[in-house]
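Reading the structure
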Amino acid sequence: MKKKVLLLFCFLGISGMMHANDKLVISRWLTTQPQEISLPVFHESKNTAGKSFEMLNLLDFEQVQLKDHFPQEGKTLYTFNGRNFGWTANTTDSNGYALLQEGEPGTDAPQVAYMAVYIQADRWLSTSLEIKSPHMLKVWLNGEAIGTKNTFEKEENTIGKVSKDLKLERGKHLLVVKTLRPADAPLDWKVMANLEIKEPYTISDMDISLSPTNRKNISHIMDGLKISGIQPSADGKYYTVNYSQSLPPSDQSERWTEVKHTETGKIAHSFRHARVSQLKWLPRSNKISYVNSRNGKSTLFLHDMESGDIRVLVEDMDNFTAYHWAPNEQFIIYSIREEGSSIDGDVRRVMGMQDRQSHYRNRNFLYKYDLASGLHQRLTWGNLTTSLQDISPDSKRLVFTQSYPDYTSRPYSRQNMFMLHLDNLSLDTLWTGESRGLSVSFSPDGNYLLATGGPSAFDGIGENVEEGTIPNNYDTQAYIYNLATAEVNAFTRDFNPSVGSARWHAPDNMIYMVTTDEDFRRAYRYDPRRNRMELVDLGHDFVSSLSLAENARMAIVSASQTNAPAKHYTLNLRNMRTTLLEDTEAEIYKHVEFGEIKNWDFNTSEGTTIKGRVYYPPDFDSENKYPVIVYYYAGTTPVGRTFGGRYPFNLWAGSGYIVYVLQPSGATGFGQDFSAAHVNNWGITVADEIIEGTQKFLEAHPYTNAERVGCAGASYGGFMTMLLMTRTDIFAAAISHAGISSISSYWGEGYWGYGYSSEASADSYPWNNHDLYVGQSPLFHADKINTPLLLITGDSDTNVPPGESIQLYTALKILDRPVELIKIKGEDHHIVTYGKRIKWHNILMAWWDKHLKDQSQWWEDQFPERNY
């Protein structure tokens, strides 16, 4: 008879724990059936190192892959010889031991079994894990091996153990134990585990669960299979999909592209482990081209997906940067970079603000390669880069631009647009000296250009603001330019959403656009024949891309919900029906629970409606009091309803915070009058909107703790955080990532400071607007800051230089105010390196816990006090 698990329900709480003094005994486990393990042949022989086969070798050998497996009652771990080895619930005996089933009497083979449990930490905490058994053990926590017991005992009073000090972040942590029992073991097959409860932690800070249900954490964001791009072939029969996945614990990642059949999803070709880039579908046929670069030289290949033929088009090109197919597929237009003078000398004359960037002196020029003849032709020359915009549908013309700095008038850059006739290289000048750079593409009939740019382009024909108001040229508009008459139709002038991308689609003669629509990202299509705009209702909050098939009425859409990761669909453009194509993140999020998200808007005392939304914890209880995090950008774009991002609000909410995200005036997507409020504001009214909104939000939500409110922003939002600290004391703590403390130093020192300021501070300069450059700069009001402030920055930030955080830190230290400065080594404006991104995230969360929950241990663990 098999020995059965002893069930003693009197020791069970709801959570599956027993509390013995200061130790938490794990009283419920998931366990597998034991499996007999055959010893390898020649196991009695010695290997080349003179060692015989030992039981430890069986313990160390991984019979089953545990990576990405989340144990659950009734779920199969593996199948062997037609038998499923799955997880069942197991209750410990009165001594806290889980008793495992043993094999049939007389068996002469060792046996292995697995045990698992989830440790739920309701806050960051440190604890000590102890696991006892008379048999061999190997232990993993969250997939990382943390201990091994390589002995087995024959007497009860000599039972050994595995011990490990643990530091647990908030959330569930999977504990897995592999246990090995020799055939001749005299003691019961049993395992006991407990967690030591240390002050200041209590038993209520931990729980034990047999369910993998979890909340969103940083691993969900950083790990798993992600999609970075997806594109259909010309007829929609195939599609390319770009995958990526991190390779922890390193900072490396793997990226590759696969070609799949749209109807079945089956792989037609994989470029995994191939060093290729710039994959492009040809405009008519099911062929794909790509570049392979080695030793600084590039080779262009052509791959026929129907026949499987692969051939070299152009080989061993130096400084090859980009290429585009002609619509007739008879030639390509490609770009070659010509290196400028070196910037590495000891002495260097800076030739304008753009010359601070290492690539500025390089120039790119256009070439043509004819497939039939194999001839190359140089198309452009000069001292200005020529950038291809598009090739006409009849493949006879192309449009290209030149851009050059003009530091005497904002926005300090001008654009020339030309049309080149390829048969004789004659040139038509479409416009010169345009101060608002435009991107253009041909209409399907080749008679028009679809252009996107700011409302002030084309002499301001796209502007829709009151007279005397300076428009916000980050509020992108779309235009139709008549090549015969030079007339311009600003067809989005009265359309509130800001245009992110636009494409004129030949099969249905519709213009498809992805837009910023308030804090949503939505797709629209415009019918130029009927002058009619309509929403492409996809039922999602955030459309990240809409990729059109060149010659078919279909597209592939990538979209997410505010509380659900991105999915990728085919879109039938005839009936607007979607079919799921890729859902790579379903696996990593399948056990994650989210709280509700609700809209919450308010009207300011000035009568402006400010939109907002609120993220709630999954276990929200209106009878409790919750700390609050207020987030904003307050710059020229809204904080979109993206699921992920650098500031994952649903993760913050899952950590026990209510998160209020608001969209102060000045953001695009709400109409040009609203976005124009950003110009020359720099917090003059916006700071008051945030303060008023926070106060009204707290008053309207009695379950918020008004004494535990934090605020955060990044870049312009980091500036806003700094400024808010000089205006109010309603916040208990604040975070400024890459914030601007002195508008004048950012304007002059950041690579793009003067360019961004050409819109945000239009016609205002340090010498003519002291009220803005001094009056709105937090540095000059540092003595008013009393709130604990975390300043965090990449030490290689070229956008908002680290000095912006450093100089405010210096002021606050001299003033003896509560401030911390964290610099992330080697990172620019965004923290992107895998390991550093996780550390950065943990710093933010630890700061919130310290100041909004009175839980300082996580912060102190990361930054212990030193006696300097």
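The rules behind the values
Residues numbered from 1 in each chain as written. Predicted model: local features only at pLDDT ≥ 70, side-chain atom pairs only at ≥ 80, totals over all residues. Heavy atoms only, no water. Helix = DSSP H or I, 4+ residues; strand = E, 2+ residues; numbered from the N terminus. Rg over C-alpha atoms; globule rule 2.2 N^0.38 Å. Buried < 20%, exposed > 50% of the residue type's maximum accessible area, 1.4 Å probe, protein only. Contact = heavy atoms within 4.5 Å. Areas by Shrake-Rupley, 256 points an atom, 1.4 Å probe, with all protein chains shown as cover. Lys, Arg positive; Asp, Glu negative; His and termini not counted. Charge placed at Lys NZ, Arg CZ, Asp CG, Glu CD. Phe/Tyr/Trp six-rings, centres within 6.5 Å; stacked < 30°, edge-to-face > 60°. Pairing = 2+ DSSP bridges. Axes fitted to C-alpha atoms, helices over the stretch in contact; angles between N-to-C directions. Core = buried A, V, L, I, M, F, W, Y, C linked by side-chain atoms within 4.5 Å. Salt bridge = Lys/Arg side-chain N within 4 Å of Asp/Glu carboxyl O. pLDDT = per-residue confidence, 0-100. Polar contact = N/O pair within 3.5 Å; in protein donor to acceptor, adjacent residues only side chain to side chain.

Helix and strand counts for the chain come out as 14 helices and 53 strands. Relative to the compact-globule value of 29 Å for 868 residues, the chain shows a C-alpha radius of gyration of 32 Å, a close match. Principal-axis analysis of the C-alpha atoms places the extent of the chain at approximately 95 × 70 × 60 Å. A buried classification covers 54% of the 868 residues belonging to the chain. Put simply, 61% of the contacts in the chain that link residues at least 6 apart link residues at least 24 apart. Surface summary for the chain: the accessible area is close to 38500 Å², and the carbon and sulfur share equals 46%. In the chain, 85 positive and 103 negative side-chain charges are present, and the distance between their average locations comes to 4 Å.

Below, the discussion takes up the packing of aromatic side chains. The relation between two aromatic rings is expressed through the spacing of the ring centres and the mutual angle of the planes. Under the counting rule described, the total for this entry stands at 51 aromatic pairs. Judged by centre distance (5.5 Å) and plane angle (35 degrees), the rings of Phe 400 and Phe 418 are tilted. Of this pair, Phe 400 sits in strand 30 (residues 397–405) while Phe 418 sits in strand 31 (residues 413–421), placing them 18 residues apart in sequence. Between Tyr 765 and Trp 767, the ring centres sit 4.9 Å apart and the planes meet at 5 degrees, which makes this aromatic pair stacked. A residue is classified by how much of its surface remains accessible, and Trp 767, at 60% relative accessible area, is exposed. Ring pairs connect the aromatic residues Tyr 615, Tyr 631, Tyr 632, Tyr 647, Phe 649, Trp 652, Trp 840 and Trp 848, which therefore count as one cluster.

Glancing now at the sheet that holds strand 29 (residues 386–391). The antiparallel open sheet is built from 4 strands, whose spatial order is 29-30-31-32. Whereas interior strands pair on both sides, the edge strands pair on one side only; in this sheet they are strand 29 and strand 32 (426–434). When the angles between neighbouring strand axes are averaged without regard to direction, this sheet yields 20 degrees.

On to the sheet that holds strand 24 (residues 310–318), then. With antiparallel pairing, the 4 strands of this open sheet are ordered in space as 21-22-23-24. Looking at which strands have only one partner, the edges of the open sheet turn out to be strand 21 (276–281) and strand 24. With direction set aside, neighbouring strand axes in the sheet form an average angle of 20 degrees. As judged from the 8 bridges shared by strand 22 (residues 287–294) and strand 23 (residues 297–304), these two strands associate in the antiparallel manner. Within strand 23, the residue paired with Arg 294 across the bridge is Lys 297.

Turning our eyes to something else, we now look at the nonpolar core. Counting 147 residues, the largest nonpolar core has Leu 175, Trp 652, Met 720 and Trp 848 as its most contacted members. Residues in contact with Trp 848, not counting those within four places in the same chain, are Ile 629, Trp 652, Tyr 657, Gly 710, Cys 711, Ala 712, Ala 733, Ile 735 and Lys 853. Ranked by size, the runner-up nonpolar core spans 17 residues in total, among them Leu 313, Tyr 323, Phe 365 and Tyr 367.

Following Glu 199, the chain continues to Pro 200 via a peptide bond in cis, the omega torsion being 10 degrees. Turning to its location among the elements, Pro 200 is positioned in the loop between strand 15 (190–196) and strand 16 (206–209). Following Arg 410, the chain continues into Pro 411 via a peptide bond in cis, with omega recorded as 5 degrees. Mapped onto the elements of the fold, Pro 411 is located in the loop between strand 30 and strand 31. Despite not being glycine, Ser 395 shows a phi value in the positive range, around 65 degrees. For Ser 395, a relative accessible area of 6% corresponds to the buried category.

As a further point, take the pattern of salt bridges. Under the criterion given, the structure shown has 36 salt bridges. Between Asp 861 and Lys 167 there is a salt bridge whose closest N-O contact spans 2.6 Å. Remark: Lys 167 occurs in strand 13 (residues 160–168) and Asp 861 occurs in helix 14 (residues 857–862); sequence separation between them is 694 residues. The class of Lys 167 is exposed, set by a relative accessible area of 55%. Residues Glu 338 and Arg 378 are paired through a salt bridge, measuring 2.9 Å at the closest nitrogen-oxygen approach. With Glu 338 in strand 26 (residues 331–338) and Arg 378 in strand 28 (residues 376–378), the pair connects residues that are 40 residues apart, well separated along the chain. Through salt bridges that share partners, Arg 410, Arg 436, Glu 759 and Asp 763 make up one connected network.

So, about the environment of Leu 66. Topologically, Leu 66 is positioned in the loop between helix 1 (55–60) and strand 5 (76–80). Leu 66 sits 74 residues away from Trp 140 along the chain, and the two C-alpha atoms are 9.7 Å apart. With near-sequence residues (within four places) excluded, Leu 66 lies in contact with Leu 77, Tyr 114, Trp 140 and Val 176.

This next bit is on the environment of Phe 674. Here Phe 674 is to be found in helix 6 (residues 672–676). Residue classification places Phe 674 among the buried positions, given a relative accessible area of 14%. For Phe 674 and Pro 664, which are 10 residues apart along the polypeptide, the C-alpha to C-alpha distance reads 9.2 Å. Phe 674 has contacts with Thr 608, Thr 609, Ile 610, Gln 663, Pro 664, Ser 665, Gly 666 and Ala 667, leaving out every residue within four places of it along the chain.

What follows concerns the confidence of the model for the chain. For the chain, per-residue confidence averages 93 on the pLDDT scale, and 97% of positions sit at 70 or higher. Confidence drops under pLDDT 50 across residues 1–15; counting only partners more than four residues distant or on other chains, this segment forms 29 contacts.

Relative to strand 32, strand 31 is paired through 6 bridges, and the arrangement is antiparallel. Following the sheet pairing, Gln 415 is matched in strand 32 by Glu 434. The antiparallel pairing of strand 31 with strand 32 creates a hairpin that spans 4 residues between the two strands, and Leu 425 there sits at a positive phi of about 60 degrees.

This brings us to the environment of Glu 258. Mapped onto the elements of the fold, Glu 258 is located in strand 19 (residues 253–261). Taking the C-alpha atoms as reference, Glu 258 lies 31 Å from Phe 365; in sequence the two are 107 residues apart. The contacts of Glu 258, once residues within four sequence positions are left out, are Tyr 239, Thr 240, Val 241, Tyr 243, Ile 267, His 269 and Ser 270. For Glu 258, the side chain forms a polar contact with the side chain of Trp 256, separated by 3.2 Å.

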